[in-house]
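# Inside the fold
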Amino acid sequence: DTKSRPRYPFAVPSLRAFSNIAHWELKGLSDAPMQSLVIQAIDQAPLNRGLSGAAWLASPGNVPITFDNGDIALFDDAGDGSYEVHFLFESRGRTAIKHARESFRRMFINHGASLIFGMVPDHRRDVKLLARWAGGKSVGKRVTPNGLCELFVLSNVMWKGIVTGK
C-alpha cells in the first residue's frame, strides 16, 4: 500500500559520514554493513519526514544504489515498473550528474524499470538542475502536504532516446 508508506522528497543532503560505501544494490543479498549504512542515511536524511530506514529496506521492491564516495540513490517501488527516486548525494556537479545517470541506467537495465519519477521541493533549485541534467523531464508543479514541488519523470523509452541520441 503506497499511500500508507511515508515518503520524502527527492533530496540531496550531505552524507560525509558514509564516504566508504562501495557500489551495491539490494538483490536479496545479506550485506549487513551496507544495509546498516543505507538505514543510517535514510534515518538521518533531513527530509525523510519520520521514515524508518529499516522499514524502507524491508519493503519489497525498493532498491538502494550506492557509490564509493557516499552517494546513495533510493528507488521506492511504486508498482508496475514505476519507481520514485530520492537522491542522498554527497557529491555535487559532474559527479552527482554521473551518479544520477548511472543509477537510472541500473534501474532500467538491471531492475526493469519502466518509469522513474521524483518530486523536488520548489525551493531546491540545485536538485531541479540535477534532475534535468540527469535526464528527467519536468511535467509541472504540484502542491503536496510538504509544500510546492516540481514533478520530474524519466521513462525507459525517454532514457533509451537519451542514450542512443535518437
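What you see is a predicted model; the values in this text were computed from it and never measured.

### Describing the overall build of the protein chain
- On a plain count of helices and strands, the protein chain comes out with five helices and seven strands.
- Walking the protein chain from its N terminus toward its C terminus, one meets helices and strands in the order β-α-α-β-β-β-α-β-α-β-β-α.
- A total of 166 residues make up the protein chain; the buried ones form 51% of that total.
- Relative to all contacts within the protein chain whose residues are 6 or more apart in sequence, the contacts with residues 24 or more apart total 60%.
- As displayed, the protein chain has an accessible area near 8200 Å², and 55% of this comes from carbon and sulfur atoms.

### Digging into the pattern of salt bridges
- If you walk through the whole model with that rule in mind, you get seven salt bridges.
- For Lys128, the salt bridge identified is with Asp122, shortest N-O distance 2.9 Å.
- A salt bridge links Lys141 to Asp122; the shortest N-O distance between them is 2.9 Å. Taken as a pair, Lys141 in strand β6 (residues 137–144) and Asp122 in the loop between β5 (115–121) and α4 (125–133) lie far apart in primary sequence, 19 residues in all.
- Residue class for Lys141 comes out partly exposed when judged on its relative accessible area of 45%.
- On the basis of relative accessibility, which here comes to 24%, the residue Asp122 falls in the partly exposed class.

### Re the confidence of the model for the protein chain
- Confidence in the prediction for the protein chain averages 80 pLDDT; 77% of positions are at 70 or higher.
- Contacts of residues 1–29 to residues separated by more than four positions or lying in other chains number 104 contacts, the stretch itself having pLDDT below 50.

### Here's the deal with the pairing of β5
- In terms of residue burial, β5 counts as a mostly covered element, since six of its seven residues are buried.
- Here strand β4 (residues 82–88) runs beside β5; their pairing, made up of three bridges, is parallel. Paired with Tyr83 across the two strands is Ile116, which belongs to β5.
- In this fold, β4 hands off to helix α3 (residues 93–110), which returns the chain to β5; that crossover is right-handed.
- Sheet analysis places β5 next to strand β7 (residues 147–155), joined by seven bridges and oriented antiparallel. Looking at β7, one finds that Gly118 is bridged to Phe152.

### Here's the deal with the packing of aromatic side chains
- Applying the stated criterion across every chain yields a total of four aromatic pairs.
- Centroid distance Phe87 to Phe104: 5.9 Å. Interplanar angle 45°. Geometry classified as tilted. Of this pair, Phe87 sits in strand β4 while Phe104 sits in helix α3, placing them 17 residues apart in sequence.
- A residue is classified by how much of its surface remains accessible, and Phe87, at 0% relative accessible area, is buried.
- A network of ring pairs unites the aromatic residues Phe75, Phe87, Phe89 and Phe104 as a single cluster.

### Concerning the nonpolar core
- Within the largest apolar cluster, 21 residues are counted, with the highest numbers of intra-cluster contacts made by Phe75, Phe87, Phe104, Met107 and Ile116.
- When residues of this core are traced back to their parent elements, those giving at least two are β2 (63–66), β3 (72–79), β4 and α3.
- Broken down by element, the residue count for this core peaks at six residues, all from α3.
- Counting ten residues, the second-largest nonpolar core is a separate cluster that includes Val38, Leu51, Trp56 and Leu88.

### Details of the side chain of Lys128
- Mapping Lys128 onto the fold places it in helix α4.
- By relative accessible area, Lys128 is classed as buried at 10%.

The rules behind these values
Residues numbered from 1 in each chain as written. Predicted model: local features only at pLDDT ≥ 70, side-chain atom pairs only at ≥ 80, totals over all residues. Heavy atoms only, no water. Helix = DSSP H or I, 4+ residues; strand = E, 2+ residues; numbered from the N terminus. Buried < 20%, exposed > 50% of the residue type's maximum accessible area, 1.4 Å probe, protein only. Contact = heavy atoms within 4.5 Å. Areas by Shrake-Rupley, 256 points an atom, 1.4 Å probe, with all protein chains shown as cover. Salt bridge = Lys/Arg side-chain N within 4 Å of Asp/Glu carboxyl O. pLDDT = per-residue confidence, 0-100. Pairing = 2+ DSSP bridges. Right-handed = clockwise from strand over helix to strand, strands pointing away. Phe/Tyr/Trp six-rings, centres within 6.5 Å; stacked < 30°, edge-to-face > 60°. Core = buried A, V, L, I, M, F, W, Y, C linked by side-chain atoms within 4.5 Å.

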